[in-house]
Amino acid sequence: MTVLRWVLGTVAIAAAVGWLGLCALSSRFRESFGASAVAASKFVALPAGLGLVLFSVLFPELRWLLHATAVLVGGTVIASLWLLPRAPVLGSLGLLYSALWFGFYAGIPGK
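Here the structure is a predicted model, which means the values were calculated and not measured.

The next thing to look at is the nonpolar core. With 14 residues, the main nonpolar core has Leu-8, Leu-66, Trp-101 and Phe-104 as its most contacted residues. Within the residue set of this core, elements represented by two or more residues are α1 (2–32), α2 (40–58), α3 (63–83) and α4 (88–106). At four residues, α4 tops the list of elements feeding residues into this core.

Next up, the structure:
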């Protein structure tokens, strides 16, 4: 269970940092052509969700946090299934990460 927590946490941190870097670079690229910057909601939405996943992995004793994250990860499953025909690798990675998180969620005693 500890290894699974480390994997989930590390992937969440890496994805959030990568997303923020990608948004910053793409915003600068768009501005160089005179377009508007990337919306702040795009900067914040994914890292906030990944922060929720990270905190649920760090503090599994908080039931409300686990259940809120379960709803979020359920939405990730739906989004990954929708994305699967268009981007199979990305959809598969989303489903794999969601399956790992639900495996962690199911393995917590007394939730």
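In this section: the confidence of the model for the protein chain. Looking at the protein chain, the pLDDT average stands at 91 and 98% of residues meet or exceed 70. By mean pLDDT, the top-scoring element of the protein chain is α3 (96), and the lowest-scoring one is α1 (89).

Taking 1.5 Å per residue, 19 residues should reach 27 Å; α2 reaches 27 Å between its end C-alpha atoms and fits that length. Of all the residues in α2, the buried ones are Pro-47, Gly-49, Leu-50, Val-53, Leu-54, Ser-56 and Val-57. Buried residues along α2 sit in contact with α1, α3 and α4.

Taken as a whole and judged by the stated rule, the model has six aromatic pairs. Summarising the aromatic geometry, the rings of Phe-29 and Phe-33 are spaced 5.0 Å apart at their centres and angled 80 degrees between planes, so their arrangement reads as edge-to-face. Arranged with centres 6.3 Å apart and planes meeting at 15 degrees, the rings of Phe-55 and Phe-59 form a pair that is stacked. Residue Phe-59 is classed as partly exposed on the basis of its relative accessible area of 37%.

Procedures and definitions
- Residues numbered from 1 in each chain as written.
- Predicted model: local features only at pLDDT ≥ 70, side-chain atom pairs only at ≥ 80, totals over all residues.
- Heavy atoms only, no water.
- Core = buried A, V, L, I, M, F, W, Y, C linked by side-chain atoms within 4.5 Å.
- Buried < 20%, exposed > 50% of the residue type's maximum accessible area, 1.4 Å probe, protein only.
- Helix = DSSP H or I, 4+ residues; strand = E, 2+ residues; numbered from the N terminus.
- pLDDT = per-residue confidence, 0-100.
- Expected span 1.5 Å × (residues − 1).
- Contact = heavy atoms within 4.5 Å.
- Phe/Tyr/Trp six-rings, centres within 6.5 Å; stacked < 30°, edge-to-face > 60°.

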